[in-house]
Amino acid sequence: SFFSGEVTRHGSSVEEAASRHGVQQLVRTIIDRENKRRPLSDEAIRGLLAKDYQLDVARRTVTKYREKMGLGSSRQRKNYGSST
């Protein structure tokens, strides 16, 4: 499964697979909901994926997906004029 395009989901006796697209959508959702004055780092997004969705994703994978979707880094997403 190294090159299958799947991400491992833990939490049951049988490992399930989540698609790249599904993980990308979760990354987008997390970024859409973040506080724009304090945007999340890729490591923080990775942590939320692990904690909230039981997905074991590397930080570099989060970075790759974020860049592929045209979303900037936390510094680029920071908005000084908004609290949401």
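## Side note on the overall build of the chain
Move 1: Per the secondary structure count, the chain includes 4 helices and 2 strands.
Move 2: Ordered by position in the sequence, the α and β elements of the chain form the string β-β-α-α-α-α.
Move 3: In the chain, which comprises 84 residues, the proportion classed as buried is 30%.
Move 4: Excluding contacts between residues fewer than 6 apart, the proportion of contacts in the chain whose partners are at least 24 apart in sequence is 55%.
Move 5: Here the chain has roughly 5,900 Å² of accessible surface; of this, 45% comes from carbon and sulfur atoms.

## Some thoughts on the pattern of salt bridges
Move 1: Tallying each qualifying case throughout the model produces 4 salt bridges.
Move 2: The residue lysine 36 makes a salt bridge to glutamate 34 at a minimum N-O spacing of 3.8 Å.
Move 3: By relative accessible area, lysine 36 is classed as partly exposed at 21%.
Move 4: For glutamate 34, a relative accessible area of 5% gives the class buried.
Move 5: Through salt bridges with shared partners, a single network forms among Glu34, Lys36 and Arg77.

Conventions and cut-offs
- Residues numbered from 1 in each chain as written.
- Predicted model: local features only at pLDDT ≥ 70, side-chain atom pairs only at ≥ 80, totals over all residues.
- Heavy atoms only, no water.
- Helix = DSSP H or I, 4+ residues; strand = E, 2+ residues; numbered from the N terminus.
- Buried < 20%, exposed > 50% of the residue type's maximum accessible area, 1.4 Å probe, protein only.
- Contact = heavy atoms within 4.5 Å.
- Areas by Shrake-Rupley, 256 points an atom, 1.4 Å probe, with all protein chains shown as cover.
- Salt bridge = Lys/Arg side-chain N within 4 Å of Asp/Glu carboxyl O.

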